[in-house]
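One letter stands for each residue in the lines below.
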Amino acid sequence: MKKRYVASLLLPLLAAPALAADVPQPPIAAKTQWMETRHGEQVTDDYRWLHDKKDPAVIDYLNAENAYTAAMTENIKPFADALYKEFKDRTMPADLSVPARRGDYYYYTRVEAGKQYPLNCRRLAAKDGSYDASAPEEIMLDQNAMAEGLKFFHVGAMVASPDARLLAYTTDNNGFRQYELHVKDLASGKVLALSMPRVTSLAWAADNKTLFVVQEDATTKRADRLFRVSLDGQQEQVYHEAVEQFNLDVVGSLDRKHIFLVSGATDTTEVFMLPADQPTGKFKSVLGRTKGHRYYVSHREGQLYIRTNKNAKNFRLVSAPVANPKKWTEVVPHDKATLLQGVTAFKGYLAVQEKSQALARTRIYDFASKKWLTVKFDDEVYVAMPSTNLEYGLTKYRLSYQSPLSPAATIDVDMKTGERTVLKKQEIAGGFDFSQYETKRLWATARDGVKVPLWVAYKKGVKLDGSAPLVLYSYGSYGIPQEANFSLIRLSLLERGVVYAAAHIRGGNDLGEQWHDDGMLMKKKNTFNDFIDSAEYLIKEKWTSRDRLAIQGGSAGGLLMGAVVNMRPDLFKAVHAAVPFVDVMNTMMDASLPLTTGEYLEWGNPNEKAAYDYMRSYSPYDNILMKDYPAMLVTTGLNDSQVMYWEPAKYVAKLRRHKTDSNPLLLKVNMGAGHGGASGRYNALQEKAFEYAWIMSQIGVTK
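Attention in this report is confined to the structure presented alongside it. Only a predicted model underlies this, so the values are computations on that prediction, with no experimental measurement involved.

## Digging into the overall build of the protein chain
A count of helical and extended segments in the protein chain gives 12 helices and 42 strands. A compact globule built from 703 residues should have a C-alpha radius of gyration of about 27 Å, and the protein chain, at 26 Å, falls within 12% of that. For the protein chain, the spread of C-alpha atoms along the three principal axes comes to 75 × 60 × 55 Å. Relative to its 703 residues, the protein chain shows a buried fraction of 56%. Residue pairs in contact within the protein chain that sit at least 24 positions apart in sequence constitute 56% of those at least 6 positions apart. Side-chain charges in the protein chain split into 89 positive and 81 negative, and the spacing between the mean points of these groups amounts to 3 Å.

Shown next as structure tokens:
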């Protein structure tokens, strides 16, 4: 591959042609000459100069786009302010998570009124092991104090040492998701001198003075090295993952007996293990590495519980002695209609998380009675997933449960009887009458005959005559499912008569591993077709109409937005593309960029001609044409490490020169955050208020 840069004869930023003085004019990015030869084809990129955020001209351009967006949305500011007030008024000013026991302490997070960030706290358990609310509270981390003076702050990993005296944690101060390791002495409150940059995961050895730490590469951000780190700061590299498609993750077992190192790619994993009481020992591979074999390991009473896809597309569960990991006894057989998503091994029980027909299911095995029980929920669509299960000897399995019209609840399930106890349910400050709303499962038929599940949430009495405004959301990549979750801010849409819909398109694992396979690599266009066909189904069934349909997606879901508006710009009234992966070819052709090589197995390796041609045929940036496009809001963060800011910036610059309509095209850049947007809870609500005000204003809801 040959690269050639040609010096630009143009200014980095050109003013738009002067029109009426009171009409805001968009910044028009200059074109500069850049060419690269790919598979014998000369490829140009007029906006390559936007890649250099150290160039003041780039920052000037982004600031100009922000100023233009502010001017163009001045009229919706009162609406955004009203939404922000609603969001804030519905948010409990002070809150407390359900304490979870580990060892001698109960750990929890607490939010104080008016504060942006939580406090991480703990209390000593009572002598009988129960939670003692009268015990003195220890504030391990006051994130508000830690974030003081920073535009962005986030705590990543956080693990107490086995003796509970030390806390290892990581922090990100700019949104680029490069976390620094710290260790705090919880007795003295002193933060040790030990630190390490770019830490992605960590685990304590049983000696309370050795940490196993995974560090990512400074340039590619691939988590590729495991270190043994002592409290005096000494570091020894234990393992280097040389294969570019693999990333490392280290974790301690629930029973604290072993440390597991997982090296994983999209289609293959290898697990290594080390006894936690042998910190200077050598990690040993459990089952080696075989192309296409994905497996994950838990430990219980000398037995390994292995979730494997060997001869089991949707995974099965086997057990094997630690001394002979290849001597398998089947525990949960393969089910082609049910995906085995996860396994937690307790001393007396086994909890498995499954998914069937886009719905989660939990089953629990009692080793004493040798019986299974199934945890059932009544909602038509919902999310149920493991919560804070921190102790090996637990007899109650903690779940987090929610649905589009049921706020998040923390539930303990008695693993012997199946009895459920709701410990806490998210409160809506000021109340909300959920009885006036409902959810429903729908099925759209895609163009190839495949049935695609959707869910909708709406106010009762909505007329199915096409007049209702509707927001359709989806993602559809990496095998990540489209969950039917609860959103406090979404209530403001529903009460205004907006229908909210989400589509379980191919590319996720909503209907099993094949659902993911059928929306990746050379089948990626199924993802886009499913979304378009879902939108057409909603219109055909009179849930909405084209002039009242807005669509929304972020990151890989932003790629979805860019692809479908190129394919069917006539189908949508408005689009919000958040941190969108839209410059597929320039990103995937640059192996030095974060995440690129590790994602060849998801998108394809563009160094191979067939994959290159297929990816180029749908890459949003490469398929912009001279035609009408819907109204578009594109949002990003300057410090985004997952999808670089220049992807949406270049996309907007090119689209602005090509679109033949007068619909708004806006770029909003958070100059102090990354992929997830603002970090403080109130700052995040303000961002969402603006986005929802813009979306609703485009589909006829203005207050």
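## Observations concerning the pattern of salt bridges
Enumeration according to the criterion identifies 44 salt bridges in this entry. In this structure, the salt-bridge partner of E41 is R616, at a minimum N-O distance of 3.9 Å. Of the two residues, E41 is situated in strand β5 (residues 41-44) and R616 in helix α10 (residues 609-616); the sequence distance between them amounts to 575 residues. You can call E41 partly exposed: its relative accessible area is 30%. On the basis of relative accessible area, R616 is assigned to the partly exposed category, the value being 27%.

## Points about the environment of Y169
Note on placement: Y169 falls in strand β12 (residues 166-172). Spatially, the C-alpha atoms of Y169 and E483 are 29 Å apart, while their sequence positions differ by 314 residues. Among all residues touching Y169, those that are not within four sequence positions of it are L141, M146, A157, M158, E180, L181, H182, K184 and V191.

## Description of the packing of helix α2 (residues 77-90) against helix α12 (residues 681-698)
Between α2 and α12, the least distance of the axes is 8 Å, while the angle of their chain directions is 130 degrees. Here α12 runs oblique to α2, going by the angle between their axes. In this structure, α2 meets α12 at a crossing whose hand is right-handed. Residues F79, A80, L83, Y84, F87 and K88 of α2 form the contact with α12, whose participating residues are Y682, L685, Q686, K688, A689, F690, Y692, A693, M696 and S697. Broken down by class, the residue content of the contact of α2 with α12 amounts to 12 nonpolar, 2 polar and 2 charged.

## Things to note about the packing of aromatic side chains
Two aromatic rings are characterised by how far apart their centres lie and by the angle between their planes. Enumeration over the complete set of coordinates arrives at 24 aromatic pairs. Aromatic side chains F212 and F283 sit 5.4 Å apart centroid to centroid with 85 degrees between the ring planes, which places their arrangement in the edge-to-face category. Remark: F283 occurs in the loop between β21 (269-275) and β22 (284-285) and F212 occurs in strand β16 (residues 210-216); sequence separation between them is 71 residues. A single burial state applies to F212 and to F283, both of which are buried. One aromatic cluster in this structure is built from Y305, Y365, F367 and W372.

The rules behind the values
- Residues numbered from 1 in each chain as written.
- Predicted model: local features only at pLDDT ≥ 70, side-chain atom pairs only at ≥ 80, totals over all residues.
- Heavy atoms only, no water.
- Helix = DSSP H or I, 4+ residues; strand = E, 2+ residues; numbered from the N terminus.
- Rg over C-alpha atoms; globule rule 2.2 N^0.38 Å.
- Buried < 20%, exposed > 50% of the residue type's maximum accessible area, 1.4 Å probe, protein only.
- Contact = heavy atoms within 4.5 Å.
- Lys, Arg positive; Asp, Glu negative; His and termini not counted.
- Charge placed at Lys NZ, Arg CZ, Asp CG, Glu CD.
- Salt bridge = Lys/Arg side-chain N within 4 Å of Asp/Glu carboxyl O.
- Axes fitted to C-alpha atoms, helices over the stretch in contact; angles between N-to-C directions.
- Parallel < 35°, antiparallel > 145°, perpendicular 65-115°, else oblique.
- Left-handed = near helix turned anticlockwise from the far one by under 90°.
- Nonpolar A, V, L, I, M, F, W, Y, C, P; charged D, E, K, R; others polar.
- Phe/Tyr/Trp six-rings, centres within 6.5 Å; stacked < 30°, edge-to-face > 60°.

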